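What follows is the residue order along each chain.
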Amino acid sequence: MDSRITFLKSVELFKDLSSGELQLVAERINACVFEKDTFLFTTESPRDRIFVIKSGEVSLTRIDSFGEEKRLVTFRAGDFLGEGALGSELKHSTSAKANSKSEIFSLNQSFFNENGAITLKVFSKITEVISRRMRYANAKTIHSAGQYLSGKTRTEHDLLGYKEVPDDQFYGIQTLRAVENFNISGVTLNYYPLIIDALAMVKKGAALANHDLGLLPTPIKDAIVQACDEITHSKYHYHFVVDMIQGGAGTSTNMNANEVIANRALEILGHQKGEYDYCHPNNHVNLSQSTNDAYPTAVKIALVNSRSKIIPVLQDLIAAFRAKGQEFAHIIKMGRTQLQDAVPMTLGQEFEAWAYTLGEEVQRIEQNANLFLEVNMGATAIGTGINADPRYSGLVINHLRDITGLNIVLADNLVEATQDTGAFIMFSASIKRLAVKLSKISNDLRLLSSGPRAGFNEINLPPMQPGSSIMPGKVNPVIPEVVNQIAFKVIGNDLTVTLAAEAGQLELNVMEPVIIQSLFESIDMLINGMKTLNYKCVSGITANEKVCKSYVANSIGLVTALNPVLGYEICSDLAKTALATGGSVYDLVLERKLMTREALDEALKPENMLKPQFMS
C-alpha cells in the first residue's frame, strides 16, 4: 500500500490530495496488467474510469475517415488518461492500446461520486490540464499535446539571458523563444512526423560519426542514439513545437531537435533535464554541424521518404480509374474537343486515359525526389566545413546511408550545395504537375456528370450530401470541387517555392522554412485529396449507358467516319444540312443515295471508329 501511495504522489492528478485522501485512493484503485496490443478502452466505449500508467507504455489512437489507425500520442509511466470520465456521460472518441506489457491503475467513476472533496481537487487538476492542452492544441488532429505541462519549471539560459522552461518538456530555452517569436501559421513541426524522424536520423548519424572520430564519448553517443531511435519510433513528437514558418533559416527547428534529443539523452544517462554539462544541445548533439547543413539534409531525407506516403495513394487512385475503364469498356459515347462533338470513343477509353496520365506522375515524382539524395553534411555554416573534421563528411554520409536505407551522396561542391535550392523547385514542379492533372480530371468528372436533365449526364457521381439550402433534390459534385481547390492551393505553393528559392542571397537561402512548409502542405493535401477522390467518388461512379449511346446515334460527328468514302466537301455539306434541319447524317446519306444502307451501316459502326482501320 505504501508503494502505491508513493507512486500516486508523483501523478499530477493527485498532487493536491492529503495523505488521508491518497490513502483512500490507494485502497480503492484497481491494478491490472495489460499485455502488448490489448486495449484499455476503445472508441464508443463508456467513459467510466480514469487510468493511470504504473509501468509500460500506452498509445492513444483514432481511426481516420479512410479507416486507417492514427497514433495521436504515447503515454508512459506516471501519465493518466480517460480523465473525461469524471462527470461525463459521453463515450470515448479514441482508443487506448498497450504498446508493451503495462501495469495500469484504474479508478471507477463511482469512487468520485462517493468522495466529493477528492473529486473537487482532482477536477481542479483536470481543468488545469485541459486548459494547458488547449493552449497547445492545433487544428489538424487531437494534438499529440495530450501532453502534461506541470507547474514545475527549470531555469535555462542562452546568450540573451534566462527563462523558465516547463520541467516536463524536453525542449529548452531556444525552442521556447521560437514559440514566443513565431506564432505565425499555427502549423508546427509535429504536423509532419517525417521531418521529425529525419531530424533524428541526421542527429544519430552525426553522433555516430563524431564517436568514430573520438570526439563524442561512448556513453553520450549511446544516449543520443537511443533518444534518436525513440523519436523515429514516434515518441516525443509532441515536443517539436516550433512553427513551420520561422526566421533564421531553420535554426529554431534544428535547436528544437537538439534540445529534445539532449534532454532525453540526459534522462537516459540518469540526469535531470537541463543538466547540460553532461549532454549539451550544441556541444554534443549539434557537434560538427550547423543548421545550414543539418536542417536541409533532414528535410531532404523527409521529402525523399514522402514518396512512400504519396505514391501508394496515387497508385490506388490510378487502379480505381483503370478498374472503371475496364467496367465501362463496352459503353460507346461521343468524344469531344473544345466541348463540341468530335468522334465516338468508349467511356472506358476516357477513364483509362486518366489512369495513364496519372501513371506518368509516379515516375516523375520518383525522379525528382531522387535529387534530394545529394546533401551537404559537413558543410557547416557556408560550405567551408569550419568546425568539422575533414573525415567527418565521409563518415556521416556512410552512417546516414545505413540509418535511412537511402543512397545518400555528398555534394561535390559544398559551398554551392549550401546555397542551392534547385532540387526543391524541381520537386515542387512535379507536385504541381500532379495537382494540375487531378484538377483537369475533376473538371471532366463535373462536366460528364452535369445535369442530370440539362447537362451531359453521361455518368453519375456518388451523392455525398445535399447540394442546396434552397433547391430541393439538388446534389453537387462536391468531391471533384474540393480536389480543384486543393490543386489551386498546390499551384500557389509552387509559386511560393519559386519565389523563396529566388530570394536566396549569397551563401545561404534563409527562406527554406517556407519552402519546406509549402511542399509538405501540398503533399499532405494531395494525399488527402486523392484518397477522398478515390473512395468517395471514383470507386462509386456509374454510367448512363443509354444516354451515352443516344448522343452517338444523334451526333453530327459521325460524318467524320465518311470522309474516306465521300470526301471532305460532301461530308461538310451533310454536317451543315443535318445541323440546320435537325435531321441525321444517316438519313441524309440515304436520301441523296450517296451510299447503300449496307455500306453505310458498316462505315458507321461505332466500334469501327474506336481505333485505326486499314485504308486499303
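Above this text is the structure in question.
The rules we used
- Counting starts from 1 at the beginning of each chain's written sequence and moves along it residue by residue.
- Local features are withheld for residues below a pLDDT of 70 in this predicted model, meaning they are given only at 70 or higher, and side-chain atom pairs are given and counted only at 80 or more; totals for whole chains, interfaces and linings count all residues.
- Side-chain descriptors were evaluated using all non-hydrogen atoms of the structure, hydrogens and water having been removed beforehand.
- Labels follow the DSSP assignment, with helices taken as runs of H or I lasting at least four residues and strands as runs of E lasting at least two, numbered in each case from the N terminus.
- To get the radius of gyration, use the C-alpha atoms; to get the globule rule, take the number of residues to the power 0.38 and multiply by 2.2 Å.
- For each residue, the accessible area found with a 1.4 Å probe, counting protein chains only, is set against the maximum for its type, and the residue is called buried under 20%, exposed over 50%, and partly exposed in between.
- Computed by Shrake-Rupley with a 1.4 Å probe, the accessible areas treat only the displayed protein chains as cover when residues are assessed.
- To define a nonpolar core, start from buried Ala, Val, Leu, Ile, Met, Phe, Trp, Tyr and Cys residues and group those joined through side-chain atoms within 4.5 Å.
- At least two bridges found by DSSP between two strands are what make those strands a pair.
- When checking whether two residues touch, look at their non-hydrogen atoms; a contact exists if any pair is within 4.5 Å.
- Angles here are taken between N-to-C directions and fall from 0 to 180 degrees, while the axes themselves are lines fitted to C-alpha atoms, restricted in helices to the stretch in contact.
- Pairs were defined over the aromatic rings of Phe, Tyr and Trp, the Trp ring being its six-membered one, requiring ring centres within 6.5 Å. Orientation was assigned from the angle between planes: stacked under 30 degrees, edge-to-face over 60, tilted for the rest.
- Oblique is the label for any angle not covered by the other classes, which are roughly parallel (under 35 degrees), roughly antiparallel (over 145) and roughly perpendicular (65 to 115).
- Note on convention: near helix rotated counterclockwise from far helix by under a right angle means a left-handed crossing. Clockwise means right-handed.
- Charged residues are taken to be Asp, Glu, Lys and Arg, nonpolar residues to be Ala, Val, Leu, Ile, Met, Phe, Trp, Tyr, Cys and Pro, and polar residues to be all remaining types, Gly included.
- Two cysteine sulfurs form a disulfide in these notes if their separation is within 2.5 Å.

Some thoughts on the overall build of the protein chain
Counting its secondary structure elements, the protein chain contains 22 helices and 16 strands. Its C-alpha atoms give the protein chain a radius of gyration of 32 Å, more than 25% over the compact-globule value 25 Å for 616 residues. Dimensions of the protein chain, computed from the C-alpha atoms along their principal axes, are close to 105 × 70 × 40 Å. For the protein chain, the proportion of its 616 residues judged to be buried stands at 52%. Accessible surface for the protein chain amounts to roughly 28200 Å². Of this, 53% is attributable to carbon and sulfur atoms.

With respect to the nonpolar core
By size, the foremost hydrophobic cluster in this structure holds 115 residues, and its most contacted members are Ile-195, Ile-224 and Leu-445. Per-element accounting of this core gives the leading share, 11 residues, to helix 6 (residues 193-212). With 21 residues, the next largest nonpolar core counts Leu-8, Leu-107, Phe-112 and Ile-118 among its residues.

A look at the sheet that holds strand 1 (residues 30-34)
Taken together, the 4 strands give an open sheet; going across it, the order is 1-8-3-6, and neighbouring strands pair in antiparallel fashion. For this open sheet the edge positions go to strand 1 and strand 6 (80-81), each flanked by a neighbour on one side alone. As paired strands, strand 1 and strand 8 (residues 102-108) are joined by 5 bridges and run antiparallel to one another. Bridged to Cys-32 within strand 8 is Ile-104. Along the sheet face, helix 1 (residues 2-9) touches strand 1, strand 3 (49-55) and strand 8 and points at about 105 degrees away from the line of strand 3.

Examining the sheet that holds strand 2 (residues 39-41)
In sheet architecture, strand pairing relies on hydrogen bonds along the backbone and comes in two forms, parallel and antiparallel. The 4 strands are arranged 2-7-4-5 in an open sheet whose pairing can be described as antiparallel. Whereas interior strands pair on both sides, the edge strands pair on one side only; in this sheet they are strand 2 and strand 5 (69-76). Shown here is a sheet whose adjacent strand axes are inclined to one another by a mean of 30 degrees, direction ignored.

What to know about the packing of aromatic side chains
Summed over all chains, the structure comprises 11 aromatic pairs. The interplanar angle of 55 degrees and the centroid separation of 6.2 Å between the aromatic rings of Tyr-191 and Tyr-192 together place this pair among those described as tilted. For the pair Tyr-191 and Tyr-192, one class covers both residues: buried. Ring geometry for Tyr-192 and Phe-520: centres 5.5 Å apart, planes at 45 degrees, overall tilted. Within this pair, whereas Tyr-192 is found in the loop between helix 5 (173-181) and helix 6, its partner Phe-520 is found in helix 17 (residues 512-536), the two being separated by 328 residues in sequence. One exposure class covers both Tyr-192 and Phe-520, and it is buried.

Structural notes on the packing of helix 11 (residues 307-327) against helix 12 (residues 347-369)
Between helix 11 and helix 12, the least distance of the axes is 7 Å, while the angle of their chain directions is 165 degrees. As summarised for this structure, helix 11 and helix 12 are arranged roughly antiparallel, according to the angle between their axes. Crossing geometry of helix 11 relative to helix 12 is assigned as left-handed. A class-by-class count of the residues in the contact of helix 11 with helix 12 yields 13 nonpolar, 4 polar and 6 charged.

What to know about the state of the cysteines
Here the structure, examined in full by the defined rule, presents 0 disulfides. This cysteine, Cys-537, is not joined by any disulfide, and Cys-548 carries the nearest cysteine sulfur, 16 Å off.

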